[in-house]
Amino acid sequence: QVQLVESGGGLVQAGGSLRLSCVASSGTFSIYAMGWFRQAPGKEREFVAGINWKGSNTYYVDSVKGRFTISRDNAKRMVYLQMNSLKPEDTAVYYCARAIGGEWTMSGRIGDWGQGTQVTVSS
């Protein structure tokens, strides 16, 4: 198991930027694909972005393409989500997730979840 802790959430005005961070505080990090999900009140948790173990392959939900960037630093055991041009509809709790393999697949299983960090975008 890998323990994941997110940070960087907060309140920001529409059009602003935030960078979310996720640190693996226990276990092995660098061999796993990682991803970000989000969940708004009353809605299902949805996939936002994924990245393979090396950082060479990235994937995004259509609604954030061109605005969000996922990256990782295996030496620091960190994964990031840079969020630019934020919109009110981006408001949600954002969760860091660990896959069970080294490549991100939409049908793949999630091994571990972080506790979530709140992102609120005001208009």
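Just so you know, these numbers come straight off a predicted model, no measurement behind them.

Colleague: What should I look at first to understand the overall build of the protein chain in this one?
Modeller: Across its full length, the protein chain holds zero helices and eleven strands. Sequence-ordered secondary structure for the protein chain, helices as α and strands as β, is β-β-β-β-β-β-β-β-β-β-β. The C-alpha atoms of the protein chain give a radius of gyration of 13 Å, which matches the 14 Å a tight globule of 123 residues would have. When its C-alpha atoms are laid out on the principal axes, the protein chain stretches across 40 × 25 × 25 Å. Per-residue burial for the protein chain yields a buried fraction of 41% across its 123 residues. Within the protein chain, contacts between residues at least 6 apart in sequence are counted, and of these 59% link residues at least 24 apart. Split by element, the accessible area of the protein chain, about 6,300 Å² in all, is 48% carbon and sulfur.

Colleague: So what exactly am I meant to see when it comes to the pattern of salt bridges here?
Modeller: For side chains of opposite charge, pairing can occur when their charged atoms come near one another. Under the definition given, this model contains five salt bridges. In this structure, D90 and R67 form a salt bridge, with 2.8 Å as the shortest nitrogen-oxygen distance. Taken together, the residues span a long stretch of sequence, with D90 in the loop between β8 (78–83) and β9 (92–99) and R67 in the loop between β6 (58–60) and β7 (68–73) at a distance of 23 residues. Judged by its relative accessible area of 1%, D90 falls in the buried class.

Colleague: When you look at the side chain of N52 in this model, what are you seeing that I'm missing?
Modeller: Tracing the sequence through the fold places N52 in the loop between β5 (46–51) and β6. Only 2.9 Å separates the side chain of N52 from the backbone nitrogen of G55, close enough to count as a polar contact. The residues touching N52, leaving out its near neighbours within four places in the chain, are A33, N57, R72, G102, E103 and W104.

Colleague: What is the right way to read the packing of aromatic side chains from this model?
Modeller: Two aromatic rings are characterised by how far apart their centres lie and by the angle between their planes. Applying the stated rule across the entire model yields five aromatic pairs. Arranged with centres 5.0 Å apart and planes meeting at 65 degrees, the rings of F37 and W113 form a pair that is edge-to-face. Of this pair, F37 sits in strand β4 (residues 34–39) while W113 sits in strand β10 (residues 110–113), and the two are 76 residues apart along the sequence. For W113, a relative accessible area of 36% corresponds to the partly exposed category. Seen in terms of ring centroids, F47 and W104 are 5.7 Å apart; in terms of plane orientation they differ by 25 degrees. Their pairing is stacked. Residue F47 is located in strand β5, and its partner W104 is located in the loop between β9 and β10; the two are separated by 57 residues in the primary sequence. For W104, a relative accessible area of 7% corresponds to the buried category.

About the thresholds
- Residues numbered from 1 in each chain as written.
- Predicted model: local features only at pLDDT ≥ 70, side-chain atom pairs only at ≥ 80, totals over all residues.
- Heavy atoms only, no water.
- Helix = DSSP H or I, 4+ residues; strand = E, 2+ residues; numbered from the N terminus.
- Rg over C-alpha atoms; globule rule 2.2 N^0.38 Å.
- Buried < 20%, exposed > 50% of the residue type's maximum accessible area, 1.4 Å probe, protein only.
- Contact = heavy atoms within 4.5 Å.
- Areas by Shrake-Rupley, 256 points an atom, 1.4 Å probe, with all protein chains shown as cover.
- Salt bridge = Lys/Arg side-chain N within 4 Å of Asp/Glu carboxyl O.
- Polar contact = N/O pair within 3.5 Å; in protein donor to acceptor, adjacent residues only side chain to side chain.
- Phe/Tyr/Trp six-rings, centres within 6.5 Å; stacked < 30°, edge-to-face > 60°.

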